[in-house]
Amino acid sequence: MLERLRKRVRGNGEPVVGLFVDGPNVLREEFDVDLDDVREAGTGFGRLGVCRLYLNEHATPGLIQAAEARGFEVVVTSGDVDVRLAVDATALADAIDVLAVVSRDTDFKPVVEHAGRNGLRTVAIAPGSYGGSDALPNAADESMSLED
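What counts and how
- Residues numbered from 1 in each chain as written.
- Predicted model: local features only at pLDDT ≥ 70, side-chain atom pairs only at ≥ 80, totals over all residues.
- Heavy atoms only, no water.
- Helix = DSSP H or I, 4+ residues; strand = E, 2+ residues; numbered from the N terminus.
- Buried < 20%, exposed > 50% of the residue type's maximum accessible area, 1.4 Å probe, protein only.
- Contact = heavy atoms within 4.5 Å.
- Areas by Shrake-Rupley, 256 points an atom, 1.4 Å probe, with all protein chains shown as cover.

A. Expanded view of the overall build of the protein. Helices and strands together make up the secondary structure of the protein, namely 7 helices and 6 strands. The secondary structure elements of the protein, listed N-terminal to C-terminal, are α-β-α-α-β-α-β-α-β-α-β-α-β. Buried residues in the protein amount to 45% of all 148 residues. Looking at the protein alone, contacts between residues at least 24 apart form 63% of all its contacts between residues at least 6 apart. Here the protein displays about 7,400 Å² of accessible surface, and carbon together with sulfur accounts for 47% of that area.

Rendered as structure tokens:
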């Protein structure tokens, strides 16, 4: 565990960021989120090693194509998007230094807490300043809104 708590850097010396985006929760009309802004928010914490957008089976081909064109790995699931994102974020924790979760959903609080206990820097990124719980931002080392 002490090994994991030491700051790890790879490649050019920047921390490696895992950016995990809860698509159904974030890509809503009321937030008017731009995927370029989401990606830029992630790069503010280091080099993107993982850049994933999770969508459900109702995602349009146009959305999937647009996300891929912006450098996102798109994961479409017929099951619960939250579960898939949480499992993947936990499984990839050894490959990243910073876990950034883009959501306003408190379901990701245990993932953020687990990552923090295991030495990762954690970031909660909200799509907007309203409609979310304080639980996720309070669990993370840092929080921000895409409106900032």
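The structure having been displayed, the exposition proceeds.
B. How the structure looks around unusual backbone geometry. Here the phi dihedral of Asp32 falls at roughly 50°; this positive angle occurs in a residue that is not glycine. Under the relative-accessibility criterion, Asp32 is labelled exposed at 70%.

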